[in-house]
Amino acid sequence: MYQRLGKFVLTFRGPLLFLLLMITVVMGFYAAKVKLSYEFSKAIPAGNIKYKEYLAFKEKFGDDGNILVAGIQTDSLFSLPFFNAYKELHQQLKAIHYVEDVLSIPAAVSLIKEADSQKLVAVKIFSDSINTQAALDTAAREFNNLPFYRGRLYNPRLKAYLMAVRINKDVLNSKGRTTVINDITDAVNRFEKKTKTTVYLSGLPLIRTVVADRIQNEMKYFLFGSLLLSVIILALFFRSVSTTILSLLVVVLGVIWSVGVLYLCGYQITILTALVPCLVVVIGIPNCIYFINKYHSSYLQHGDKEKSLFDMVSKMGVVTLFCNLTAAIGFGVFALTKSAILQEFGVVAGISIMIIFVVSFILLPAALSYLPAPKPSQTKYLNNKWIINLLLRIERWVFHHQKTVYAVTAVVLIFSVVGVFKLKSVSFIVDDLPKTDKVYTDLKFFEKSFGGVMPLEIVVDTKRAKGILSPRIDIHKIALFEDSFLVKQPDIAKPLSVVDGIKFFYQAASEGRGDSTYTLPAFGNPLQDLHKQLLQLNARRQNKAMTASDSATLKLMGSFLDSTEQYLRISMNMADIGTEKLPVLLNNIELKANEIFDTASYKIQLTGTSITFLEGSRFIVNGLKDSIFWAFLLIALCMLYLFRSARILLCSLIPNIIPLVITAGIMGWVGIPLKPSTVLVFSVALGIAVDITIRFLVNYKQELPVYNYNVRETVSATIKNTGLSIVYTALVLIAGFIIFCGSSFGGTIALGWLTSATLLISTLTNLVLLPVLLLLLAPKKPLGKNR
């Protein structure tokens, strides 16, 4: 079949190349229209209960992940020059487009009871008329006597101060978020320069934007760097400009098609789909090496260019097809997961890998047919003494040191299995950043000074509309839950809820100051009083008689009580404690809530971005684990179909399992956890290892009849014939992956060196262990042709 296809390609080479070029132009047009995805994560399925609860929360109370925080640590905040500069920063931040509000000490308000109406009105503590140090000191004393702000806007023990910037949620899901973050950073930099004070910036908007932009920029550099390094190595091997350019053209066309497929599938560039072009390079380069290597070796043998081209297509076509098919299966199984981000990656990666096969199969023989026959200098690499000596040494190990091979393999496996048991599955929102990175160190400042910046929400459901008016609902239980439990958790910031609002109002109504009067009323039903006050405020709003103070009050209470008055919100931030400790903390919160609240009257839900991050990490890691299992199963079926032999199937699976076990063991011993950014290593490594195995075994199967089905002679010939291409391919791919070690992200660095290590191990297992297994499981007597 492949001889007929080869003849077809060579006969219609002109029209096929023209068609390939035209389709590439069309795909390039679509590739230019693809857009970046600015969504935080699509890891959680839409039907997931935690995700549904989070969407319901956002519908009631708004987005929880749009707050950026700026912090300082100083003794000089309440000195007039410094305070004026801090106030100016507040005004500059508020003036930035898409910044909806800024909460800081200069904008703090106090509630004052009017003498005539006895109505509480909001008054700025630090009025615009303050122009003397004495006036500022008076205002500062008043501010420090209001417990409502303590632990939220300032930490008196550490002399740390916080400014919260609320950003429009829609712009955070668009490319405009980078501009907003840059504008905020510029304003902060001017303040730092003016006051000689370090400002710490954090919050999900900043972390998402900075990390996503860095990763996307790095992927561009690494893609081009990997291509450049591969081209240099190919040029050194083939010693031919035309052959090197042709190989580069194959992968460039594959990259263009893959990005075009991304657009045609209706997807955007995410942190995973951005890896597809790199995978196309990884798969495309071996295709070129094996095709061209077969063409050159056949030409040396026959001296006939046309016969060599037919030999290349007929013998390498089926090998490359199954290699690319198994690689496509390895990545395509991600489409079977429930995670949208993995599904998109699986679909695009699977299609793109099969496309690179089509491009290789058409472009290489067609283009080579137009080029002159290979010169002796271009085939000189086939007689590379260093690699030939290496293959001869491997052959000696295979035939004369089989027990040593088994023993070394067993020892390494035992060592690796012990490491596997040390392997942990844990991830943090910023754990891929270096510990010295400003994003990381700034986050740690807020965790130390204010408890953290990761949103965590508790929704108290009273189970019916107007439920807060029910006598069964006791606001004091909510206060007890906050004061006796939540505030004592070391990884949680000071909570904020309607309880704190009522305390703030009651303190003002009683004209008190300090901690003694910051409490709930001893008599009456505070929630019913709050309901009456909300009714009055809504009535004034309908009559257009609301004051600025009324608007601020309604806005504050509306943030913690939904419009149906059924749900109460307890809002807090927490430290980035990771997916290992977070479930324990959440479980403790739920247990304490069930202990305090009557489940017949209350229903407690934990939600927020911290919860969705935990669920998303779980789905990605579990999805990748499941996909590796299904990939192994489907690849095994493909191999069984290809070789029609249970013996060869067993021989093929062992050299692919061992590199993955060793990689997992290395991760366990080194302390690299399983997380979304590292678990992908196994899928990439599996695709590469299987590629090497299939090429070796197909060549072995093709050579069996030539050597009268003598297994020993066939194994020896296969090591010599295929080993050269395997070694060259391994060197090129290791160089392509090792460049990722130059990243500033731990996950990308791990992807680089772990994949390179796995590739090296799989090369050894396929060149040493696989032949040993073939000899071990071979029939006792050589098989004849008639058998």
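Fair warning: this is a prediction, and the values are worked out from it, not measured in the lab. (Residues numbered from 1 in each chain as written. Predicted model: local features only at pLDDT ≥ 70, side-chain atom pairs only at ≥ 80, totals over all residues. Heavy atoms only, no water.)

### What about the overall build of the chain?
Next, step 1: Helix and strand counts for the chain come out as 24 helices and ten strands.
Next, step 2: Dimensions of the chain, computed from C-alpha atoms along their principal axes, come out at roughly 110 × 50 × 45 Å.
Next, step 3: Residues classed as buried in the chain amount to 57% of the 787 residues present.
Next, step 4: Within the chain, counting contacts between residues at least 6 apart in sequence, those at least 24 apart form 80% of the total.
Next, step 5: When the accessible surface of the chain is totalled, it reaches about 33,800 Å², and 61% of it is carbon and sulfur.
Next, step 6: Between the mean site of the 80 positive side-chain charges and the mean site of the 53 negative ones, the chain shows a separation of 12 Å. (Helix = DSSP H or I, 4+ residues; strand = E, 2+ residues; numbered from the N terminus. Buried < 20%, exposed > 50% of the residue type's maximum accessible area, 1.4 Å probe, protein only. Contact = heavy atoms within 4.5 Å. Areas by Shrake-Rupley, 256 points an atom, 1.4 Å probe, with all protein chains shown as cover. Lys, Arg positive; Asp, Glu negative; His and termini not counted. Charge placed at Lys NZ, Arg CZ, Asp CG, Glu CD.)

### Brief notes about helix α11 (residues 340–370)
Next, step 1: Taking 1.5 Å per residue as the helical rise, α11 with its 31 residues ought to reach 45 Å, and the 45 Å between its terminal C-alpha atoms agrees with that figure.
Next, step 2: Among the 31 residues in α11, 24 count as buried, and that is most of the element. (Expected span 1.5 Å × (residues − 1).)

### Quick word on a nonpolar patch on the surface
Next, step 1: On the surface, Leu336, Phe629, Trp630, Leu633, Leu634, Leu637 and Leu640 cluster together into a nonpolar patch covering about 670 Å² of accessible area.
Next, step 2: Along the chain, Leu336 falls in the loop between α10 (305–332) and α11.
Next, step 3: Since its relative accessible area comes to 60%, Leu336 is described here as exposed. (Patch = residues over 30% accessible without salt bridge, like charges linked within 9 Å, V, L, I, M, F, W, Y side chains within 5 Å. Salt bridge = Lys/Arg side-chain N within 4 Å of Asp/Glu carboxyl O.)

### A short note on unusual backbone geometry
Next, step 1: The phi angle at Lys196 is positive, at roughly 60°, despite the residue not being glycine.
Next, step 2: Residue placement: Lys196 occurs in the loop between α6 (176–195) and β7 (200–202).
Next, step 3: In this structure Lys196 comes out as exposed when scored by relative accessible area, which is 72%.

### Let's talk about the confidence of the model for the chain
Next, step 1: Across the chain, pLDDT averages 85, with 93% of residues at or above 70.
Next, step 2: Averaged over each element, pLDDT in the chain is lowest for helix α18 (residues 548–558) (57) and highest for β7 (96). (pLDDT = per-residue confidence, 0-100.)

### Notes on empty space enclosed by the protein
Next, step 1: Applying the stated criterion across every chain yields a total of seven cavities of 30 Å³ or more.
Next, step 2: Here the largest cavity defines a volume of roughly 80 Å³.
Next, step 3: As for the largest cavity, its lining consists of Ser226, Ser230, Cys278, Val281, Val282, Ile285, Val732, Leu733, Gly736, Phe737 and Phe740.
Next, step 4: The set of elements that each furnish at least two residues to the lining of the largest cavity consists of α7 (204–238), α9 (276–302) and α23 (711–738).
Next, step 5: Residues that form the lining of the largest cavity fall into these classes: eight nonpolar, three polar and no charged. (1 Å grid on protein atoms, 1.4 Å probe; cavity = no way out; pocket = protein on both sides within 12 Å on 5 of 7 lines; lining within 4 Å. Points joined across faces, edges and corners; volume = space filled by probe spheres on them. Nonpolar A, V, L, I, M, F, W, Y, C, P; charged D, E, K, R; others polar.)

### Describing α23
Next, step 1: At Gly723, α23 is bent by approximately 40°, the largest bend along its length.
Next, step 2: Among the 28 residues of α23, 21 are classified as buried, and the element is accordingly described as predominantly covered.
Next, step 3: Between the side-chain oxygen of the N-cap and the backbone nitrogen of Arg712 there are 3.2 Å, and the N-cap of α23 in question is Asn710. (Bend = angle between axes of the 7 residues up to and from the residue. Polar contact = N/O pair within 3.5 Å; in protein donor to acceptor, adjacent residues only side chain to side chain.)

### A word on the environment of Ser683
Next, step 1: With respect to the helices, strands and loops of the structure, Ser683 is situated in helix α22 (residues 680–703).
Next, step 2: Along the chain, Ser683 and Phe334 lie 349 residues apart, while their C-alpha atoms are 9.8 Å from each other.
Next, step 3: Among residues more than four places away in sequence, those in contact with Ser683 are Phe331, Phe334, Leu624, Ser627 and Ile628.

### Looking at the packing of aromatic side chains
Next, step 1: Applying the stated criterion to the full structure yields 30 aromatic pairs.
Next, step 2: Relative to Phe504, the ring of Tyr149 lies with its centre 6.1 Å away and its plane at 80°, an arrangement referred to as edge-to-face. Of the two residues, Tyr149 sits in the loop between α5 (133–144) and β5 (154–155) while Phe504 sits in helix α16 (residues 498–509), which places them 355 residues apart along the sequence. Both residues of the pair, Tyr149 and Phe504, belong to the buried class.
Next, step 3: Linked through ring pairs, Phe78, Phe83, Phe126, Phe143, Phe148, Tyr149, Tyr154, Tyr161 and Phe504 together constitute an aromatic cluster.
Next, step 4: Taking the ring centre of Tyr567 as reference, the NZ or CZ of Lys60 above it sits at 4.4 Å. (Phe/Tyr/Trp six-rings, centres within 6.5 Å; stacked < 30°, edge-to-face > 60°. Lys NZ or Arg CZ within 6 Å of the ring centre and 35° of its normal.)

### Quick notes on the sheet that holds strand β9 (residues 567–574)
Strand pairs in the sheet, formed through backbone hydrogen bonds, run parallel or antiparallel to each other.
Next, step 1: Spatially, three strands are ordered β9-β8-β10 in an open sheet, and the strand pairing comes out antiparallel. A single partner strand is all that each edge strand has here, and the edge strands are β9 and β10 (603–607). On average, adjacent strands in this sheet sit at an angle of 20° to one another, irrespective of strand direction.
Next, step 2: Where strand β8 (residues 454–461) and β9 come together, eight bridges link them in antiparallel fashion. Along β9, the bridge assignment pairs Asp461 with Tyr567. (Pairing = 2+ DSSP bridges. Axes fitted to C-alpha atoms, helices over the stretch in contact; angles between N-to-C directions.)

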